[in-house]
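Chains, contacts and geometry: an overview
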Amino acid sequence: MAQLPPGIRFITSFSRDQWYRAFIFSLTFLLYASFHLSRKPISIVKGELHKHCVGQVELDSYKEYAAQIQPVKKPFNASQCGWAPFDKSNYKQLLGALDYSFLCAYAVGMYLSGLIGERLPIRYYLTGGMLASGLFTAMFGLGYFYNVHNLWFYIMAQMSVKRFKVTQSPIANGLVQTTGWPSVVTCIGNWFGKGRRGLIMGVWNSHTSVGNILGSLIAAYWVSTCWGLSFVVPGVVVAVMGVVCFLFLIEHPKDVSCSCTPSSSSKSFLNGASRCRIQMPTLNAKENGKPQDPEVQHLLTDSENCSVSLSSSTVATGEGRHGTSAISFLGALRIPGVVEFSLCLLFAKLVSYTFLFWLPLYITNVEHLDAKRAGDLSTLFDVGGIFGGILAGLISDRLEKRASTCGMMLLLAAPTLYMFSAVSKMGLEATVVMLLISGALVNGPYALITTAVSADLGTHKSLKGNARALSTVTAIIDGTGSVGAALGPLLAGLISPSGWNNVFYMLMVADACALLLLLRLIQKELQCHADHSLFKEH
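What this report covers is the structure whose coordinates are included nearby.

For the coordinates displayed, the defined rule picks out six cavities of 30 Å³ or more. Approximately 100 Å³ is the volume found for the second largest cavity. Taken together, the elements giving at least two residues each to the lining of the second largest cavity come down to helix H12 (207-223), helix H16 (338-367), helix H17 (371-399) and helix H19 (428-458). For the lining of the second largest cavity, a count of residues per class yields five nonpolar, eight polar and one charged.

Encoded structure:
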């Protein structure tokens, strides 16, 4: 018998289940990367919406200026200070309001999205959201082609059809984009168990940074020539990925007769404070006559005594393990750890989204670069974020402490931000280094909380195996974080006129608040680790 070709040997070395999991991992990665790809253009285009005025020039000088920028054809009402109404001295406040309209709608919609997502098929729900998001992203770019110069056209929805085309984009787009995160996290949580979840989801969560990088590069390509295409092209990409989602997304392993969790060793994954409770679930399993399911291990203790089992403290989830009833909003809030991590994410996401929406403009002002080069340079922050998310997941799996990992990175992030504000004024090389380090430390906790922590809490022991809670828990955590995402860019727009240093002080305070909110959980994790060590000694 002839030897199989290397490629075929590689294919057959993996099981059918493993190939399906790899496919779902890659597909959901690309789907949510396209969502972030469509959010990035506004931060790149800001440098084009407002430029440093060249002042009044003589006719001959103006002709020279016009000749230099050919073959670019300027729209009728474009001024030398930018695009009205953002060409005035209060442009930072106006741009901040524009960010706020999108992010506020996103934050409000996220709470509803999780509840709706639990009750609808994920494939249909996500497909509809992606098609609508692509539509509204592209519509925002139509403001360029239709010469719309009224701020309210970009912020509030109007009654007439003409206004609807552009003005509903920020708010409507913010609402429809909330369909993405609860859907993809629920799907990936269905396919992957808790074993090495931090590392797996750390790698998977790099889709946010990949999407930001691609969005920056696409938007920067057209920003100086036709910024409307900086929105239209990402909108088309999201819509196309929505069609791909409809054609290929598999919501649950059982839909294709795959095992519900990947094969793993008999040693269950114990996370954080749960590691000191390994005897109690065993006793409960004996009482029930059933083996303990490693996929519903405790995440956090429900009392000050680490040895107390949570099995007696259950959350109302309707029909339970085999039922079809989704968890209520208040029921999800009662899961231990949801409130603390949600509030922590509020401040962590405030910092991350301030960078997302304002970093290119900051680089333009400090390094005196054009909008395209500033947009390209800002992608280094997201490159750092990729490594930060993976590192956070790897460390949290190794230490089995989610809260402590987040706290450690938040503790390092605050002084790093101060260094960034000082070092970035020393030259381009220093800015590059600090962008990478800041991106890793800022996005690490954000990535860990929105992925591995959300999935852990959504499959908490107190839910008694109700798999339909994951979307609601994810939406609560990310929705609360999105409140911070809405506040961050708004505060940056209000504070930046008094100096960029004040913006960095605001970000450092936010990081400190995020750390303070985790102190109780960190203390419990460390205390349980100490108690477990004492138990092993005796």
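Still more to cover.
This part covers helix H10 (residues 180-191). Taking 1.5 Å of rise per residue, twelve residues should cover 16 Å, and H10 covers 17 Å from first to last C-alpha, within 8% of that figure. Burial of H10 is extensive: twelve of the twelve residues sit out of reach of the surface. Taken as a whole, H10 has its buried residues at Gly-180, Trp-181, Pro-182, Ser-183, Val-184, Val-185, Thr-186, Cys-187, Ile-188, Gly-189, Asn-190 and Trp-191.

With that out of the way, let us pick up a nonpolar patch on the surface. Together, Phe-23, Tyr-124, Leu-131, Val-243, Phe-246, Leu-247 and Phe-248 make up an exposed nonpolar region whose accessible area comes to about 670 Å². At the level of secondary structure, the elements contributing two or more residues to the nonpolar patch comprise helix H6 (122-145) and helix H13 (229-248). When residues in the nonpolar patch are grouped by element, the largest group, four residues, is from H13. Tracing the chain through its elements places Tyr-124 in helix H6.

As a further point, take the side chain of Ser-438. Following the sequence through the fold, Ser-438 ends up in helix H19. For Ser-438, a relative accessible area of 1% corresponds to the buried category. Ignoring sequence-local partners within four residues, the contact set of Ser-438 consists of Phe-381, Thr-416 and Phe-420.

Inspection of the secondary structure puts Gly-193 in the loop between H10 and helix H11 (197-204). Among the residues examined, Gly-193 registers a relative accessible area of 4% and is labelled buried. Remark: the alpha-carbon pair of Gly-193 and Ala-455, spanning 262 residues in sequence, is separated by 9.1 Å.

This part covers helix H20 (residues 470-495). The terminal C-alpha atoms of H20, which comprises 26 residues, lie 37 Å apart, in line with the 38 Å expected from a rise of 1.5 Å per residue. A large share of H20 lies buried, amounting to 20 of its 26 residues.

What follows is about the packing of H17 against helix H18 (residues 402-423). Contact geometry for H17 and H18: axes closest at 8 Å, N-to-C directions at 135 degrees. Between H17 and H18, the interaxial angle falls into the category oblique. Seen from above, H17 lies across H18 with right-handed handedness. Packed against H17, whose contacting residues are Gly-388, Ala-392, Ile-395, Ser-396 and Asp-397, the element H18 presents Arg-402, Thr-405, Met-408 and Met-409 at the interface.

What follows is about the pattern of salt bridges. Enumeration according to the criterion identifies three salt bridges in this entry. Note that Glu-340 and Arg-520 form a salt bridge whose closest N and O atoms lie 1.8 Å from each other. Of this pair, Glu-340 sits in helix H16 while Arg-520 sits in helix H21 (residues 500-537), and the two are 180 residues apart along the sequence. The class of Arg-520 is partly exposed, set by a relative accessible area of 37%. With its nearest N and O atoms 2.7 Å apart, the salt bridge here joins Lys-349 to Asp-478. A residue pair is termed long-range when its members are at least 10 positions apart, and Lys-349 in helix H16 and Asp-478 in helix H20 qualify at 129 residues. Here Lys-349 and Asp-478 have matching classes, each one buried.

Cut-offs and rules
- Residues numbered from 1 in each chain as written.
- Predicted model: local features only at pLDDT ≥ 70, side-chain atom pairs only at ≥ 80, totals over all residues.
- Heavy atoms only, no water.
- 1 Å grid on protein atoms, 1.4 Å probe; cavity = no way out; pocket = protein on both sides within 12 Å on 5 of 7 lines; lining within 4 Å.
- Points joined across faces, edges and corners; volume = space filled by probe spheres on them.
- Helix = DSSP H or I, 4+ residues; strand = E, 2+ residues; numbered from the N terminus.
- Nonpolar A, V, L, I, M, F, W, Y, C, P; charged D, E, K, R; others polar.
- Expected span 1.5 Å × (residues − 1).
- Buried < 20%, exposed > 50% of the residue type's maximum accessible area, 1.4 Å probe, protein only.
- Patch = residues over 30% accessible without salt bridge, like charges linked within 9 Å, V, L, I, M, F, W, Y side chains within 5 Å.
- Areas by Shrake-Rupley, 256 points an atom, 1.4 Å probe, with all protein chains shown as cover.
- Salt bridge = Lys/Arg side-chain N within 4 Å of Asp/Glu carboxyl O.
- Contact = heavy atoms within 4.5 Å.
- Axes fitted to C-alpha atoms, helices over the stretch in contact; angles between N-to-C directions.
- Parallel < 35°, antiparallel > 145°, perpendicular 65-115°, else oblique.
- Left-handed = near helix turned anticlockwise from the far one by under 90°.

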